[in-house]
Amino acid sequence: MSKAIVIGSGVAGLASAIRLRAKGYVVDVFEANSYPGGKLTEVEVDGFRFDAGPSLFTLPVLVDNVIRAAGEDPREHLKYFKREVVCNYFWEDGTQFSASADAEKFASDAEGAFDVKAAEIKNYLKHAEKMYRLTTKVFLERSLHKASTYLSMDAVIAITNIFGMNLTKTLDEVNRKRLADPKLVQLFNRFATYNGSSPFLAPGIFTMVPHLEHNVGAFFPEGGMHSITKALYNVALKKGVNFHFNKRVNEILIEKGRAAGVKTEKVHKANIVISNMDVVPSYRKLMPKSDAPEQTLEQERSSSALIFYWGIKAQFPELDLHNIFFSNNYKEEFSKIFQSNEVGEDPTVYIHVSSKAEIADAPEGCENWFVMVNVPSNKGQNWDEIIDRTRKNVITKLGRILHRDIEPLIVCEEQLDPIRIEEKTSSHQGALYGASSNSKFSAFLRHPNFQKKVKGLYFCGGSVHPGGGIPLCLLSAKITAELIPDPTNEKK
Ligand SMILES: Cc1cc2nc3c(=O)[nH]c(=O)nc-3n(C[C@H](O)[C@H](O)[C@H](O)COP(=O)(O)OP(=O)(O)OC[C@H]3O[C@@H](n4cnc5c(N)ncnc54)[C@H](O)[C@@H]3O)c2cc1C
């Protein structure tokens, strides 16, 4: 029987394993950690539960599709709800804005809060939807490295509209042209961070991202984000995928130009190997003798993050599930991250409070704060100094805006930083989303979902096409599974 091995059980590894099992492969997943999920995991400290990594859940239908591919009813494995409020935004001058998931309400509330007409916001979101529809079928749902992709009608439509996609302007330039109020520009610029990029460098095509939150919606799974991992893992187990935890793969075996299996402390043979490990260490560590696509591997990495998981012995009614406290100088913040590889004194702070939706995540009268700051990927900076300084700056900033002394309210704490992200998931330099999208060519420079010179070797996950974040990782798993022949044709 044809056998497939998946290296890593990140969300894309789990989804690939399920899809290949549904195709009829015997599937073995080797995972270096003792648990599945990679970045999509959870932390528990002194009665507080935190989702350790992703907190924003968009396009949940993509998780449903994986579960459906296994012949299961998604609702028996994962329940999720649309949020009425997408995010609460805070500025230092006291401005607060609650961004509704309903496009009409978002537009009319924005007219009340900013120098903008509701119609301008509606136009922006219509444009976002148009960009999303034009690009998604070609650039996100198919391999960009197969000629057939460019022969489809969707590709013809996308290519004929290429001049309207703002590829030559940055997201910030497009936003400043469309919107007059600097606060709204900052709000819409923020969407570049959804793939770990800078709005002052990333192309204007990312005006499509708000479509997902404000036209489609932001969702939250019952039990928290970690429920996504649990659901996919349970479906995989139920369908007969074999998991091997605490088993780090040390080598991808290649024989006569074909993937032949992997080596942990012993050899495991297979016809198909899918690496869900970041593509850089996949080449550097697992097949150091193979020709590596240097240009691809040397690309600038996306941003990383500092996360403080704080148990807070108080409640803050002004906070929602997702909250952003903007820096005063966004341009300088991103220039520090991407040009100087530093963290500025006034970073934008994101707080995710899952106990707003899942009260069991924090003890009574308390909240669980996941406090995140965007930082550069690890290039050997003095992280102890950066963490210490940033922690102080964050506490001061939050105290200033929320008018409460935060430090005495912190009853327990865990931290995550670029070094620990790399240690826990093998993400090169601890980047959250693989390569950055700070160039108009980045979509084309991402590694394909297959290896041209090694038959039977495939890649999925945030470091390869179409990119990072849960939705794109799930799409990468789908593209990969579609590229892999059915077991009966696999040797041809
Ligand atoms: C702090 C943080 C916040 C984020 N916020 C969001 C968000 O709000 N929304 C969103 O959509 N995305 C978010 N992301 C990004 C998202 O988490 C990732 O894009 C996605 O989870 C990556 O999944 P993946 O399949 O690429 O695998 P990963 O999660 O990177 O997992 C890879 C797995 O492979 C295993 N592995 C690696 N090498 C080996 C080996 N040699 N042998 C065996 N196993 C190996 C690792 O142990 C790991 O389990 C965030 C990420 C982080 C870290």
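Residues numbered from 1 in each chain as written. Predicted model: local features only at pLDDT ≥ 70, side-chain atom pairs only at ≥ 80, totals over all residues. Heavy atoms only, no water.

Here we look at the overall build of the chain
Moving on, step 1. Scanning the chain from N- to C-terminus turns up 17 helices and 19 strands.
Moving on, step 2. Relative to the globule expectation of 23 Å for 492 residues, the C-alpha radius of gyration of the chain, 22 Å, shows essentially globular dimensions.
Moving on, step 3. Within the span of the chain, comprising 492 residues, buried residues form 61% of the whole.
Moving on, step 4. Residue pairs at least 24 apart in sequence account for 71% of intrachain contacts in the chain once pairs closer than 6 positions are excluded.
Moving on, step 5. As displayed, the chain offers around 19700 Å² of accessible surface, 51% of which is attributable to carbon and sulfur atoms.
Moving on, step 6. Each charge class in the chain was averaged separately, 61 positive and 59 negative side chains, and the resulting centres sit 9 Å apart. (Helix = DSSP H or I, 4+ residues; strand = E, 2+ residues; numbered from the N terminus. Rg over C-alpha atoms; globule rule 2.2 N^0.38 Å. Buried < 20%, exposed > 50% of the residue type's maximum accessible area, 1.4 Å probe, protein only. Contact = heavy atoms within 4.5 Å. Areas by Shrake-Rupley, 256 points an atom, 1.4 Å probe, with all protein chains shown as cover. Lys, Arg positive; Asp, Glu negative; His and termini not counted. Charge placed at Lys NZ, Arg CZ, Asp CG, Glu CD.)

Examining the site of the ligand
Moving on, step 1. Looking at the ligand, there are 35 residues lining it, with Glu-31, Lys-39, Gly-462, Gly-469 and Ile-470 nearest.
Moving on, step 2. For the ligand, an oxygen atom lies 2.9 Å from a polar atom in the side chain of Asn-276.
Moving on, step 3. Here a nitrogen atom of the ligand sits 3.5 Å away from a polar atom, N or O, in the side chain of Ser-426.
Moving on, step 4. The fraction of the free accessible surface of the ligand (1000 Å²) that becomes covered by protein chains is 95%.
Moving on, step 5. Contributions of two or more residues to the shell around the ligand are made by helix H1 (11-23), helix H15 (418-425) and helix H17 (470-483).
Moving on, step 6. Residues of the shell around the ligand, tallied by class, amount to 15 nonpolar, 15 polar and 5 charged. (Near = heavy atom within 4 Å. Polar contact = N/O pair within 3.5 Å; in protein donor to acceptor, adjacent residues only side chain to side chain. Nonpolar A, V, L, I, M, F, W, Y, C, P; charged D, E, K, R; others polar.)

What to know about the nonpolar core
Moving on, step 1. Judged by nonpolar contacts, the single largest core of 108 residues is most densely connected at Tyr-89, Ile-121, Phe-188 and Leu-232.
Moving on, step 2. A total of 8 residues in this core trace back to one element, the largest contributor, which is helix H4 (residues 118-140).
Moving on, step 3. Two domains each put at least three residues into this core: domain 1 (3-41 + 61-80 + 224-297 + 435-489) and domain 2 (102-216).
Moving on, step 4. With residues near it in sequence (within four places) discarded, Leu-232 still touches Val-11, Leu-14, Ile-18, Val-63, Val-66, Ile-67 and Leu-474.
Moving on, step 5. By size, the runner-up hydrophobic cluster in this structure holds 28 residues, among which are Leu-306, Leu-319, Ile-351 and Leu-409. (Core = buried A, V, L, I, M, F, W, Y, C linked by side-chain atoms within 4.5 Å. Domains from an automatic or database assignment.)

A closer look at the packing of aromatic side chains
Moving on, step 1. Enumeration over the complete set of coordinates arrives at 27 aromatic pairs.
Moving on, step 2. Sitting above the plane of the Phe-316 ring, Arg-404 keeps its charged end 4.3 Å from the centroid. (Phe/Tyr/Trp six-rings, centres within 6.5 Å; stacked < 30°, edge-to-face > 60°. Lys NZ or Arg CZ within 6 Å of the ring centre and 35° of its normal.)

Focus: the sheet that holds strand S19 (residues 457-459)
Two modes of strand pairing occur in sheets, parallel and antiparallel, and in both the strands are linked by backbone hydrogen bonds.
Moving on, step 1. Ordered by their spatial adjacency, 5 strands build an open sheet running S9-S2-S1-S13-S19, and the pairing between neighbours is parallel. At either end of the open sheet lies a strand with only one pairing partner, and these are strand S9 (242-244) and S19. Within the sheet, the average angular offset between the axes of one strand and its neighbour, ignoring direction, is 20 degrees.
Moving on, step 2. Note: strand S13 (residues 272-275) against S19, 3 bridges, orientation parallel. Counterpart to Ser-275 in the pairing with S19 is Phe-459.
Moving on, step 3. Against the sheet, H1 touches strand S1 (3-7), strand S2 (26-30), S9 and S13, its axis set at about 165 degrees to S2. (Pairing = 2+ DSSP bridges. Axes fitted to C-alpha atoms, helices over the stretch in contact; angles between N-to-C directions.)

Re helix H3 (residues 103-113)
Moving on, step 1. Of all the positions in H3, only Phe-106, Ala-107 and Ala-110 are classed as buried. The buried residues of H3 occupy an angular sector of 95 degrees when the element is viewed end-on, so they sit on one face. (Arc of directions from axis to C-beta.)

Side note on empty space enclosed by the protein
Moving on, step 1. Counted according to the given criterion, the structure contains 1 cavity of 30 Å³ or more.
Moving on, step 2. What lines the largest cavity is Val-279, Val-280, Thr-296, Leu-297, Gln-299, Arg-301, Ala-435, Arg-446, His-447 and Ser-463.
Moving on, step 3. For the lining of the largest cavity, the secondary-structure elements that each account for two or more residues are helix H11 (279-286) and helix H12 (294-297).
Moving on, step 4. Split into classes, the residues belonging to the lining of the largest cavity amount to 4 nonpolar, 4 polar and 2 charged. (1 Å grid on protein atoms, 1.4 Å probe; cavity = no way out; pocket = protein on both sides within 12 Å on 5 of 7 lines; lining within 4 Å. Points joined across faces, edges and corners; volume = space filled by probe spheres on them.)

Quick word on the sheet that holds strand S7 (residues 96-100)
Moving on, step 1. Strand order in this open sheet of 7 strands is S7-S6-S15-S16-S17-S14-S18, and the pairing throughout is mixed. At either margin of the open sheet sits one strand with a lone partner, and together these are S7 and strand S18 (410-416). Across this sheet, the average inter-strand angle for adjacent strands is 20 degrees, counted without regard to direction.
Moving on, step 2. Pairing of strand S15 (residues 322-325) with strand S16 (residues 349-352) involves 4 bridges; the strand directions are antiparallel. Each bridged residue has a counterpart across the sheet, and for Phe-325 the counterpart in S16 is Val-349.

Digging into the packing of H1 against H17
Moving on, step 1. At a closest axis distance of 8 Å, the pairing of H1 and H17 adopts a crossing angle of 30 degrees. With respect to each other, H1 and H17 are oriented roughly parallel. Crossing of H1 against H17: the hand is right-handed. Residue-level contacts link Val-11, Ala-12, Ala-15, Ser-16, Arg-19, Leu-20 and Lys-23 of H1 to Ile-470, Cys-473, Leu-474, Ser-476, Ala-477, Lys-478, Ala-481 and Glu-482 of H17.
Moving on, step 2. Considered class by class, the residues forming the contact of H1 with H17 number 9 nonpolar, 2 polar and 4 charged. (Parallel < 35°, antiparallel > 145°, perpendicular 65-115°, else oblique. Left-handed = near helix turned anticlockwise from the far one by under 90°.)

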